[in-house]
Number of protein chains: 2
Amino acid sequence: DCQAIDLSTISSKDLGKLTVIEGPPNIPFHIKRVFYLHDIPPEKSRGSHAHKELHQLLICINGSFDVALDDGSSKKIVHLNALTVGLHIPPMIWAEELNFKPNTICLVLASDFYDELDYYRNYDDFLAAKLIARSIDSHI
Amino acid sequence: DCQAIDLSTISSKDLGKLTVIEGPPNIPFHIKRVFYLHDIPPEKSRGSHAHKELHQLLICINGSFDVALDDGSSKKIVHLNALTVGLHIPPMIWAEELNFKPNTICLVLASDFYDELDYYRNYDDFLAAKLIARSIDSHI
């Protein structure tokens, strides 16, 4: 399930701080791609899709925002406002980012390169896939 | 040599901007590790080392700073202040980050996991290794 992970931060009183993300065991995947959302109008939301295979780690580098998470049967909202916390979003979670404060930067570390075929962009398709997955699980 | 790379940024007037770094061909290496410097006192510098094998891409996510680059025979300073530009630092370049504005965040994408044996932390050792490398090159 989705999990907020305290990132490894090395503090030095004289030289500032260094936050490092290498992959396992700190986060549950290897990093292949990096992107960041910026200059987002405050009233807009981003995301609103799910991934079939991709793992992502969301980090609020500046400002703050909310992430609405939906596994097809339950929903929750996580508020991100610290660059030392990463929110792990595993595959098959419908996620939306919203309530961006001005100058917010959302850094995303992803487990694979971009692949449009890995996306569910339609919520009903996502729900249908979840139902099929649960049905298979319950028959094993 | 060190090179400032314009990163791939997808602008949407209504939804803000998305800057993506995937690896080749956009940057000359695959990403394995991510770290960022933050809360750096303005009068302090960071870096002051070289790497034997590691490639790095430095991105100024917020604020601004300078990077002093030294290949053992010539020096230059690059000013970074835009999150859509990445400075590629290949192996065997002595680099120092300095003149940090308040609230500066320096994102670094690295080609490999942390390995203390990959560092030159002593400038004279770095220069000696450069001299040996040049001597070998000139005899081939």
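Before reading further, recall that the structure is shown in the block above.
About the thresholds
Residues numbered from 1 in each chain as written. Chains lettered and ligands numbered in written order. Predicted model: local features only at pLDDT ≥ 70, side-chain atom pairs only at ≥ 80, totals over all residues. Heavy atoms only, no water. Disulfide = S-S within 2.5 Å. Helix = DSSP H or I, 4+ residues; strand = E, 2+ residues; numbered from the N terminus. Contact = heavy atoms within 4.5 Å. Polar contact = N/O pair within 3.5 Å; in protein donor to acceptor, adjacent residues only side chain to side chain. Pairing = 2+ DSSP bridges.

*Asks:* Explain the state of the cysteines here, please?
*Replies:* Between two cysteines, a covalent bond joining their sulfur atoms is known as a disulfide. Following the criterion strictly, the structure yields 0 disulfides over all chains and no others. Of all cysteine sulfurs, the one in Cys106(A) lies closest to Cys2(A), which takes part in no disulfide; the gap is 13 Å.

*Asks:* Could you clarify how one ought to interpret the environment of His51(B) in this entry?
*Replies:* Residue and element names in this part refer to chain B. Considering the arrangement of structural elements, one finds His51 in strand E5 (residues 46–51). Here the alpha-carbon distance between His51 and Ile89, two residues 38 residues apart in the chain, equals 9.4 Å. When neighbours within four sequence positions are excluded, His51 is seen to be in contact with Gln56, Pro91, Met92, Ile93, Asp118 and Tyr119. At 2.9 Å, the side chain of His51 forms a polar contact with the side chain of Asp118.

*Asks:* Looking at this model, I keep getting lost on the sheet that holds strand E8 (residues 75–80) of chain A. Mind explaining?
*Replies:* Within a sheet, each strand pairs with its neighbour through backbone hydrogen bonds, oriented either parallel or antiparallel. Residue and element names in this part refer to chain A. Within the open sheet, the 5 strands sit side by side as E8-E7-E10-E5-E12. Their pairing is antiparallel. One side of each edge strand has no neighbouring strand; the edge strands of this open sheet are E8 and strand E12 (119–120). The sheet contact formed by strand E5 (residues 46–51) and E12 spans 2 bridges and is antiparallel. What sits directly across from His51, in E12, is Tyr119.

The analysis is restricted to geometry; functional conclusions fall outside its scope.
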